[in-house]
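Close look at the chain arrangement
One-letter residues, chain by chain:
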Number of protein chains: 2
Amino acid sequence: MAPKAPKRIAAVLGIKPEHIGQYEAIHREVWPTVLATLKRNHVQNFSIYRYENLLFSYMEYTGSNYEEDMSAIAADPETKRWWAVTEPLQSKVLEAGADEWWHEIPEKFHLD
Amino acid sequence: MAPKAPKRIAAVLGIKPEHIGQYEAIHREVWPTVLATLKRNHVQNFSIYRYENLLFSYMEYTGSNYEEDMSAIAADPETKRWWAVTEPLQSKVLEAGADEWWHEIPEKFHLD
C-alpha cells in the first residue's frame, strides 16, 4: 500500500521587531529534545520563514490522530520550556482565534 | 545513493482584495498544461496559502539547475497565458526586487 499523503499545515505568527535577532539565533539551534518530540509525534518537513514582522510555517503531519499528537507535543515538559522562551518574542496575529497561537491559514492550491 | 534533498523555496505576493474570489476559483482548476510544465521543470510539493491580502507559496525543487528550469517555465507559452490571467489579480509586495514577482523569503528553521 502506498504511504498516505501527509496532511499539510501552514500558519502565521507575528514576530516582535525588537526580537527578530534573538528569535533567529535560537532557531539555528533548537533543542534536540524539542525536535525529537516533534518527530515522535509525526511532524516532518517543518520549515519556518520570515517576511518582515510575520513568521510563516509549513509542516507535514504523517500520523493518524492530529489533535492527540498536538496535545502530546504541548504537554511535553521540554517543549513547554522552549515555548516559554519563544512566546515572549512573538505576538499572535489579529485574526488568530482564542485557542490559537500560530494562526492556521487555508491552502488555495496544491501540486503534488 | 539516497536522493538529494529538494531545495525549498517560499515566497509572498499580494492579492488584490477585490480579486480574491476569482483568484481562488481559478486555482481550484489550474490548467493541466501549466501543471505539467512545472512538473517537467522539477517543481513538486507546491502549495499556495492565503493570509488576508497576502499569498504564501511553498515549493520544492528537485532539479540541478534552478535558474535554467525557472527560465524554461517562464518561456512556456501556456504558462505565459496563465500568468496573463493571474497577474492582474495580484500585486507585488513592497519588498520585492525589480526582478521578482513572487518575493522570496528566507528560511529561519527547518526540521526534516
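Cut-offs applied
- Here, residues in each chain are numbered from 1, in the same order as that chain's written sequence.
- Whichever chain is written first is A, and whichever ligand is written first is 1; the rest continue in order.
- For this predicted model, a pLDDT threshold of at least 70 governs which residues receive local features, and a threshold of 80 or more governs which side-chain atom pairs are given and counted, while totals over whole chains, interfaces and linings are taken from all residues.
- Excluded from the side-chain calculation are hydrogens and water; included are all heavy atoms of the structure.
- To qualify as a helix, a DSSP run of H or I must reach at least 4 residues; to qualify as a strand, a run of E must reach at least 2; elements of each kind are numbered from the N terminus.
- Note on exposure labels: buried denotes an accessible area under 20% of the residue type's maximum, exposed denotes more than 50%, and partly exposed covers the range between, all computed with a 1.4 Å probe on protein chains only.
- On a scale of 0 to 100, pLDDT captures the predictor's confidence in every residue.
- Using a 1 Å grid laid over the protein atoms alone, points where a 1.4 Å probe fits but cannot get out form a cavity; open sets with protein on both sides within 12 Å along at least 5 of 7 lines form a pocket; any residue with an atom within 4 Å of a point counts as lining.
- Grid points are joined across faces, edges and corners, and a volume is the space filled by probe spheres set on the points.
- Superposition of the copies was done by least squares, using only C-alpha atoms of residues whose pLDDT is at least 70 in both.
- By definition in these notes, contact holds between two residues if any of their heavy atoms fall within 4.5 Å.
- Pairing between strands requires that DSSP locate at least two bridges from one strand to the other.
- When we speak of the arc, we mean the arc of directions from the helix axis to the C-beta atoms.
- A pairing counts as a salt bridge when a side-chain nitrogen of Lys or Arg comes within 4 Å of a carboxyl oxygen of Asp or Glu.
- The term buried area refers to how much accessible surface (probe radius 1.4 Å) is lost by two components on association, counted for both of them together.
- In protein, a polar contact requires one atom able to donate a hydrogen and another able to accept it; more generally it is a pair of N or O atoms within 3.5 Å, and residues adjacent in sequence count only if both atoms are side-chain atoms.

Among the structural elements, T86 of chain B can be located in helix α4 (residues 77-86). What makes T86 of chain B buried here is its relative accessible area of 3%.

Time to look at the confidence of the model for chain A. If pLDDT is low for a region, its predicted coordinates should not be looked at in detail. Per-residue pLDDT for chain A has a mean of 96; in total, 97% of the residues score no lower than 70. Confidence estimates for the predicted assembly give a pTM of 0.96 and an ipTM of 0.95.

Another point: the layout of surface pockets. Residue and element names in this part refer to chain A. Space inside the largest pocket adds up to approximately 940 Å³. Surrounding the largest pocket, 33 residues form its lining, M59, M70, W83, W101 and W102 being those nearest its centre. Elements represented by at least two residues in the lining of the largest pocket include exactly β1 (7-15), α1 (20-27), α2 (32-40), β2 (43-51), β3 (54-61), α3 (66-75), α4 (77-86) and β5 (103-105). Ranked by residue count, the leading element in the lining of the largest pocket is α3, at 6 residues. Each pocket or cavity is described by its volume, and for the second largest pocket that value is around 810 Å³.

Residue H42 of chain A is not a glycine yet carries a positive backbone phi of 70°. The backbone phi angle of E52 of chain B is positive, close to 50°, even though this residue is not glycine. Judged by relative accessible area, E52 of chain B falls into the partly exposed class, the value being 40%.

This next bit is on the relation of the copies chain A and chain B. Take chain A, turn it by 180°, move it 0.0 Å along the axis, and it overlays chain B with an RMSD of 0.0 Å. Taken together, the rotation angle and the small translation identify this as a two-fold axis. By residue overlap, the copies meet face to face through one surface: 100% of the interface positions of chain A are interface positions in chain B.

The subject of this paragraph is the environment of N65 of chain A. Along the polypeptide, N65 of chain A turns up in the loop between β3 and α3. The exposure class assigned to N65 of chain A is partly exposed, which follows from its relative accessible area of 32%.

Another point: the pairing of β1 of chain A. Residues and elements named next belong to chain A. For β1, a buried count of 7 out of 9 residues is recorded, marking the element as mostly surrounded by other parts of the structure. Here 2 bridges tie β1 to strand β4 (residues 90-91), and the two strands are oriented antiparallel to one another. Looking at the pairing, I15 lines up with Q90 of β4.

On to helix α2 (residues 32-40) of chain B. Of the residues making up α2 of chain B, those classed as buried are V34, T37 and L38 of chain B. Looking straight down α2 of chain B, one finds its buried side chains confined to an arc of 100°; they lie on one side. The exposed residues of α2 of chain B that point more than 90 degrees off its buried face are P32 and R40 of chain B. Of the surrounding secondary structure, the elements contacted by the buried residues of α2 of chain B are β6 (107-111) of chain A together with β2 (43-51), α3 (66-75) and α4 of chain B. Looking one or two residues past α2 of chain B, H42 of chain B carries a phi angle of roughly 70°, positive in sign.

Okay, the pattern of salt bridges next. Opposite charge on two side chains allows them to pair when their charged atoms are near. This structure, assessed with the given rule, holds 8 salt bridges over all chains. For R81 of chain A, the salt bridge identified is with E78 of chain A, shortest N-O distance 2.7 Å. Of this pair, R81 of chain A and E78 of chain A both sit in helix α4, separated by 3 residues, roughly a single helical turn. Linked through salt bridges whose partners overlap, the residues forming this network are E24 and R50 of chain A together with K108 of chain B.

Facing 34 residues of chain A, the contacting portion of chain B comprises 35 residues. With both sides pooled, the region where chain A packs onto chain B buries about 3,300 Å², and carbon together with sulfur makes up 64% of that total. Summed over the shared surface of chain A and chain B, the number is 2 salt bridges. Notably, a salt bridge pairs E24 of chain B with K108 of chain A, separated by 3.0 Å at the nearest N-O pair. Along the contact surface separating chain A from chain B lie 26 residue pairs in polar contact (both at pLDDT 80 or more). Only β1, α1, α2, β2, β3, β5 and β6 of chain A provide two or more residues apiece to the side of chain A that touches chain B. Broken down by element, the residue count for the side of chain A that touches chain B peaks at 9 residues, all from β2 of chain A.

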